[in-house]
Amino acid sequence: MSKVLIIGAGGVGRVVAHKCAQAPEIFSDILLASRTKSKCDAIARELPRPIHTAGVDADNVPELVALIKDFQPKLVLNVALPYQDLHIMDACLETGVDYLDTANYEPPDVAKFEYKWQWAYQERFEKAGIMALLGSGFDPGVTNVFTAHARKHHFRRMDTLDIIDCNAGDHGQHFATNFNPEINIREVTARGRYYEHGEWVETDPLSFSWTYDFPEGIGKKKCLLMYHEELESLVRHFPEIKRARFWMTFSENYLKHLQVLENVGMTRIDPVDYRGQQIVPLQFLKAVLPDPGSLGPLTKGRTCIGCVIRGEAGDGQEKGYYIYQICDHEEAYRETNSQAISYTTGVPAMVGAAMMVQGIWRKPGVWNMEQFDPDPFLAELGKRGLPWVETWL
């Protein structure tokens, strides 16, 4: 049994706290911390057993260090903002504590997904004898593990990888995002990028689409090409892949509103002067949009996230393969008071933490999910609420 410090009290933090609290045999003591302690206290009241709460500024390394030294966790589980990854990693280095996150570092002033900043910590973490596990959410996270599972058990060679993220749910709002609006809109409005024959190919934002027929009654949905950080690590660790792409579904209503907001400048991330004050339009927009945490009781429908892989199968034949997970928004809310977007990120974060604190995945340095044995992770993932399906196409 181990102590764990969870930093972040948004929708994903709520799910992580619920799932860790459900596993006292793994997590003996839990501290939930965020800038707003009252949010942590509200989550704590929902849980089946007592946990500790604290206020902390995740941008303040000395403050983080003091909290870690006081609580002495075995692992810091970071579900704060991606801007804060490096600060929390610095605090873990100073205190000699393992680190886990669900999304790669992103500079506040540039919408850029890249692992170089965190991979640069490899030698320092290795020398300190501590481990950092990057991207233990769903995508990135489970999609990385799905790819590793396919390569280990089904393929001699993987030629193409398409990661497809479908949210077939509906919250009934005119315009809202299912996770942090600032992060969501920065991600969606960035230029698309995919990997082909050893090179990265850029596209205009949301300019390339295809239709995919999703399983279990979800049906045909239009998918739009985006860039996502797991592509960078997957083609690095599986260099045989000739083409790798990431796709996501959006409702026409979402795209219509987003286009208007872009056209009038509300998605800008550079400061503008307003009556003598510097404001970032996207941050202001975040303040007036619905809080993603409020969408839980409103959202109905399911998500379907998975990987379509083609290549030479174990029997020597060229085949297509699909591995996916379907999560129901209402079921997720009944269990954790969060909708499926938060649930599908928070459960893998808890499972990744369980792999680390139990020593199942344990190696000093900075690592991505696909660099470890996928079998124990996927076995635990199914037990913790995200059963998955695989099929030949």
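How each quantity is defined
- Residues numbered from 1 in each chain as written.
- Predicted model: local features only at pLDDT ≥ 70, side-chain atom pairs only at ≥ 80, totals over all residues.
- Heavy atoms only, no water.
- Helix = DSSP H or I, 4+ residues; strand = E, 2+ residues; numbered from the N terminus.
- Rg over C-alpha atoms; globule rule 2.2 N^0.38 Å.
- Buried < 20%, exposed > 50% of the residue type's maximum accessible area, 1.4 Å probe, protein only.
- Contact = heavy atoms within 4.5 Å.
- Areas by Shrake-Rupley, 256 points an atom, 1.4 Å probe, with all protein chains shown as cover.
- Lys, Arg positive; Asp, Glu negative; His and termini not counted.
- Charge placed at Lys NZ, Arg CZ, Asp CG, Glu CD.
- Axes fitted to C-alpha atoms, helices over the stretch in contact; angles between N-to-C directions.
- Parallel < 35°, antiparallel > 145°, perpendicular 65-115°, else oblique.
- Left-handed = near helix turned anticlockwise from the far one by under 90°.
- Nonpolar A, V, L, I, M, F, W, Y, C, P; charged D, E, K, R; others polar.
- Phe/Tyr/Trp six-rings, centres within 6.5 Å; stacked < 30°, edge-to-face > 60°.
- Lys NZ or Arg CZ within 6 Å of the ring centre and 35° of its normal.
- Salt bridge = Lys/Arg side-chain N within 4 Å of Asp/Glu carboxyl O.
- Pairing = 2+ DSSP bridges.

Draft legend 1. View of the overall build of the protein. Helix and strand content of the protein: 14 helices and 18 strands. Taking 21 Å as the expected radius of gyration for a compact globule of 393 residues, we find that the protein reaches 20 Å, a close match to that expectation. If one aligns the C-alpha atoms of the protein with their principal axes, the spans along those axes are about 55 × 55 × 40 Å. Here the protein, with 393 residues, has 57% of them falling under the buried criterion. Counted over contacts in the protein with a minimum sequence separation of 6, partners at least 24 positions apart contribute 71%. Surface accessibility of the protein: about 16,000 Å² in total, with carbon and sulfur atoms responsible for 49%. Across the protein, the centroid of the 41 positively charged side chains sits 1 Å from that of the 52 negatively charged ones.

Draft legend 2. Up close: the environment of Val 15. Position of Val 15 among the secondary structure elements: in helix 1 (residues 11-21). Considered as a pair, Val 15 and Ser 2 are 13 residues apart in the sequence and their alpha carbons are 19 Å apart. Setting aside residues up to four positions removed in sequence, Val 15 forms contacts with Thr 336, Ser 338, Ser 342, Tyr 343, Gly 346 and Val 347.

Draft legend 3. Looking closely at the side chain of Thr 336. Here Thr 336 shows up in helix 12 (residues 329-336). Owing to a relative accessible area of 0%, Thr 336 belongs among the buried residues under this scheme. When sequence neighbours within four positions are dropped, the list of residues in contact with Thr 336 reads Arg 14, Val 15, His 18, Lys 19, Glu 46 and Tyr 343.

Draft legend 4. Geometry of the packing of helix 3 (residues 61-71) against helix 4 (residues 85-95). Two numbers describe how helix 3 lies on helix 4: the axes approach to 9 Å, and their chain directions differ by 45°. Compared by their axis directions, helix 3 and helix 4 come out oblique. When you trace helix 3 past helix 4, the crossing you get is right-handed. Between helix 3 and helix 4, the contacting residues are Val 61, Leu 64, Val 65, Ile 68 and Lys 69 on the first element and His 87, Ile 88, Asp 90, Ala 91, Cys 92, Glu 94 and Thr 95 on the second. When its residues are assigned to classes, the contact of helix 3 with helix 4 shows seven nonpolar, two polar and three charged.

Draft legend 5. Looking closely at the packing of aromatic side chains. Inspection of the entire model under this criterion finds 19 aromatic pairs. Relative to Tyr 321, the ring of Phe 155 lies with its centre 5.8 Å away and its plane at 80°, an arrangement referred to as edge-to-face. Taken together, the positions of Phe 155 in strand 7 (residues 155-167) and Tyr 321 in strand 16 (residues 318-328) put the pair 166 residues apart, joining distant regions of the chain. Among the aromatic residues, those joined into a cluster by ring pairs are Phe 208, Trp 210, Tyr 212, Phe 214, Trp 247, Tyr 322 and Tyr 324. If you follow Lys 3 out to its NZ or CZ, it ends over the ring of Phe 71, 4.9 Å from the centre. In this structure, Arg 193 is placed above the aromatic ring of Trp 200, and the distance from its NZ or CZ to the ring centre is 4.9 Å.

Draft legend 6. Representation of unusual backbone geometry. At the junction of Asp 139 and Pro 140, the peptide bond is cis and its omega measures out at 10° in the coordinates. Despite not being glycine, Arg 275 shows a phi value in the positive range, around 55°. In this structure, Arg 275 sits in the loop between strand 13 (272-274) and strand 14 (277-279).

Draft legend 7. Seen up close, the pattern of salt bridges. Applying the stated criterion across every chain, the model contains 24 salt bridges. The shortest N-O distance in the salt bridge between Arg 362 and Asp 98 comes to 3.3 Å. You can see Arg 362 sitting in the loop between helix 13 (340-357) and strand 17 (365-368) and its partner Asp 98 sitting in strand 5 (residues 98-101), a full 264 residues away along the chain. Relative accessible area serves as the criterion here: at 36%, Arg 362 is assigned to the partly exposed category. A relative accessible area of 5% means that Asp 98 is categorised as buried. Asp 162 is the partner of Arg 243 in a salt bridge, and the nearest nitrogen-oxygen pair spans 3.7 Å. In this pair, Arg 243 is assigned in strand 12 (residues 243-249) and Asp 162 in strand 7, connecting sequence segments 81 residues apart. One salt-bridge network, in which partners are shared between bridges, spans Arg 156, Arg 157, Asp 159, Lys 242, Glu 312 and Glu 318.

Draft legend 8. Representation of the pairing of strand 8 (residues 192-196) in the model. For strand 8, the buried fraction is high: four of the five residues fall into the buried class. Pairing between strand 8 and strand 9 (residues 199-203): five bridges, direction antiparallel. Each residue of the ladder has a partner; that of Gly 192, found in strand 9, is Thr 203. Counted along the chain from strand 8 to the antiparallel partner strand 9, the turn is two residues long, and its residue His 197 has a positive phi close to 50°. Examined bridge by bridge, strand 8 and strand 12 share two bridges and lie antiparallel to one another. Pairing of Glu 196 across the sheet is with Arg 243, part of strand 12.

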